[in-house]
Amino acid sequence: MPPLARVTIHASQFPQNVRRDLLESLRTRQVNHKFHYDSVKQTGQWLALHQAFSPSRTDPDCAAAYDRSFAAAASRLRSRRVHVIGLGCGGGQKDTRLLKMLQAADRTAFYTPSDVSTAMVLVAQQAAGAVIPWEHCSPLVCDLGSMDDLPAALGALPVDNATRVITFFGMIPNFEPQVIMPKLAALLRPMDLLLFSANLAPGADYATGVQSILPLYDNALTREWLMTFLLDLGVASGDGDLSFCVEDDPAGNGLKRVAAYFCFLRSRAIHVDDDCLEFRPGERIRLFFSYRHTPELVRAMLGRHGIEVHGQWLAASGQEGVFLAGR
Ligand SMILES: C[S@@+](CC[C@H](N)C(=O)[O-])C[C@H]1O[C@@H](n2cnc3c(N)ncnc32)[C@H](O)[C@@H]1O
């Protein structure tokens, strides 16, 4: 691996804006998910739990569903030059498999791993480096939730004359749809392809299906990962209890999500530079949520934003699905 990496950092992740978002998370008692991926430690913790629990890593049939969607995307591409843009790329494992397939299909592939976490884009760049030349990689650090100029940020990347394949894997669970979907729709150009994956509720009954996947979240690795945010701010694990539940989306759109709350059992002050935030016994802070969809809910959601689904591939377990879509 070369000793230098050139990473573009959008203002949404400049320190003063990250600090503003942190204070907002603490004031509203609703933690912005980006704070669970911030540090090298959290990146390592998340990658470990992803390895242990994500069906895309533990279930060969789920991995095969991704591969079939990649083959379908590749067969639709007319151009030799392809720019894969991984939004919320994580460790870049899925994007790298896509890049590998594109290279094997005689395409020249470029890659923009994009994530809120600098550590994550570097891990993804390293993974992709096994498949494409290092100089074909142009990482971008940005906060998809707060920025409103993503098309311009992507337009400024050093890749020309390439068809874009935008990946949005495992992202929709952690964003309120009304926040992220308009941004994703505004980004898609007529020739772009979108590969989109969602965590699904298995089985015929949506509510029972969501309940059945709780153990994928309520486990030691996930608890440790989520608690790191509070522990790094000076909270002690004995200050309260972390619990998981299934809740209805407060926006009233019929979706359900798994949510994690830390309930304080004793008073705790959290200091962020000169600001001090007090938490009293009985108060709780939402650390995390993860929406579960059904294939019908995904297609309807994309359709409402003018995005047409060309194909879908579902894991036999019913826990995850990949959708190929476009304008
Ligand atoms: C559930 S992981 C999915 C990772 C990868 N796409 C996959 O499927 O393996 C969510 C990713 O989104 C990133 N993320 C969280 N909030 C974000 C935000 N506001 N803007 C951009 N990326 C964000 C995290 O750092 C993390 O890498």
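Since this is a predicted model, take the numbers as computed values, not measurements.

Draft legend 1. Spatial organisation of the nonpolar core. Ranked by internal contacts, the top residues of the largest apolar core, which has 42 residues, are Leu26, Phe229, Phe244, Phe262, Ile285 and Leu287. In terms of residue count, the dominant contributor to this core is strand β8 (residues 256-264) (six residues). Both domains that meet at this core, namely domain 1 (8-51 + 59-202 + 294-326) and domain 2 (206-292), each give it at least three residues. Counting residues in each nonpolar core, the second largest holds 31 residues, with Leu144, Leu157, Met171 and Leu200 among its members.

Draft legend 2. Focus on the site of the ligand. Among the 20 residues in the neighbourhood of the ligand, the closest are listed as Gly88, Lys94, Asp115, Asp143 and Phe169. Contact distances for the ligand include 2.6 Å between a nitrogen atom and a backbone N or O atom of Gly88. When the ligand is considered free in solution it has 590 Å² of accessible area, and contact with the protein chains removes 94% of it. In terms of residue class, the shell around the ligand is built from 10 nonpolar, six polar and four charged.

Draft legend 3. Spatial organisation of the packing of helix α2 (residues 40-53) against helix α10 (residues 220-232). Interhelical geometry of α2 versus α10 gives an angle of 160 degrees and a closest axis separation of 9 Å. Put simply, α2 runs roughly antiparallel to α10. Handedness of the α2/α10 crossing: left-handed. Contacts from Lys41, Gln42, Gln45, Trp46, Ala48, Leu49, Ala52 and Phe53 in α2 reach Leu221, Thr222, Glu224, Trp225, Thr228 and Phe229 in α10.

Draft legend 4. How the structure looks around the packing of aromatic side chains. Considering all chains together, one arrives at 12 aromatic pairs under this definition. Centroid distance Tyr217 to Phe288: 6.1 Å. Interplanar angle 40 degrees. Geometry classified as tilted. Separated by 71 residues along the polypeptide, Tyr217 in the loop between α9 (206-212) and α10 and Phe288 in strand β11 (residues 284-292) bring together distant segments of the chain. Residues Tyr217 and Phe288 agree in their burial class; the two are buried.

Draft legend 5. Just the domain arrangement of the protein, in detail. Domain annotation for the protein reports domain 1 (8-51 + 59-202 + 294-326) and domain 2 (206-292). Computed from C-alpha coordinates alone, the two centres of domain 1 and domain 2 are separated by 24 Å. When domain 1 packs against domain 2, close to 3,100 Å² is buried across both sides, 61% of that on carbon and sulfur atoms. If you sort the residues of domain 1 by the area they bury against domain 2, Leu26, Arg29 and His36 come out on top, with a joint share of 22%. Across the contact surface, domain 1 and domain 2 share five salt bridges. If you list the elements that add at least two residues to the side of domain 1 that touches domain 2, you get α1 (15-28), α2 and α8 (177-187). Within the side of domain 1 that touches domain 2, the residues separate by chemical class into 17 nonpolar, 11 polar and five charged.

Draft legend 6. Molecular detail of the pattern of salt bridges. For the structure shown, the criterion picks out 18 salt bridges. A salt bridge links Arg20 to Asp21; the nearest nitrogen and oxygen atoms lie 3.0 Å apart. The exposure class of Asp21 is buried, given its relative accessible area of 11%. In this structure, Arg266 and Asp239 form a salt bridge, with 2.9 Å as the shortest nitrogen-oxygen distance. Here Arg266, found in the loop between β8 and β9 (268-272), pairs with Asp239, found in the loop between α10 and β7 (240-248); they are 27 residues apart in sequence, far enough to count as distant. By relative accessible area, which is 45% here, Arg266 ends up partly exposed. Here the salt bridges share partners, and the residues they tie into one network are Arg19, Arg27, Asp273 and Asp275.

Draft legend 7. Just the environment of Leu150, in detail. Among the structural elements, Leu150 can be located in helix α7 (residues 150-155). Between the C-alpha atoms of Leu150 and Leu26, which are 124 residues apart in sequence, the distance is 26 Å. Discounting residues that sit within four places of it in the chain, Leu150 has contacts with Leu87, Leu140, Cys142, Leu144 and Leu187.

Draft legend 8. Layout of the packing of α2 against helix α6 (residues 118-128). Where α2 contacts α6, the axes come no closer than 8 Å and their chain directions differ by 55 degrees. Between α2 and α6, the angle falls in the class oblique. Residues Val40, Thr43, Trp46 and Leu47 of α2 pack against Ala119, Met120 and Val123 of α6.

Criteria and cut-off values
- Residues numbered from 1 in each chain as written.
- Predicted model: local features only at pLDDT ≥ 70, side-chain atom pairs only at ≥ 80, totals over all residues.
- Heavy atoms only, no water.
- Core = buried A, V, L, I, M, F, W, Y, C linked by side-chain atoms within 4.5 Å.
- Buried < 20%, exposed > 50% of the residue type's maximum accessible area, 1.4 Å probe, protein only.
- Helix = DSSP H or I, 4+ residues; strand = E, 2+ residues; numbered from the N terminus.
- Domains from an automatic or database assignment.
- Near = heavy atom within 4 Å.
- Polar contact = N/O pair within 3.5 Å; in protein donor to acceptor, adjacent residues only side chain to side chain.
- Areas by Shrake-Rupley, 256 points an atom, 1.4 Å probe, with all protein chains shown as cover.
- Nonpolar A, V, L, I, M, F, W, Y, C, P; charged D, E, K, R; others polar.
- Axes fitted to C-alpha atoms, helices over the stretch in contact; angles between N-to-C directions.
- Parallel < 35°, antiparallel > 145°, perpendicular 65-115°, else oblique.
- Left-handed = near helix turned anticlockwise from the far one by under 90°.
- Contact = heavy atoms within 4.5 Å.
- Phe/Tyr/Trp six-rings, centres within 6.5 Å; stacked < 30°, edge-to-face > 60°.
- Buried area = accessible area lost by both parts, 1.4 Å probe.
- Salt bridge = Lys/Arg side-chain N within 4 Å of Asp/Glu carboxyl O.

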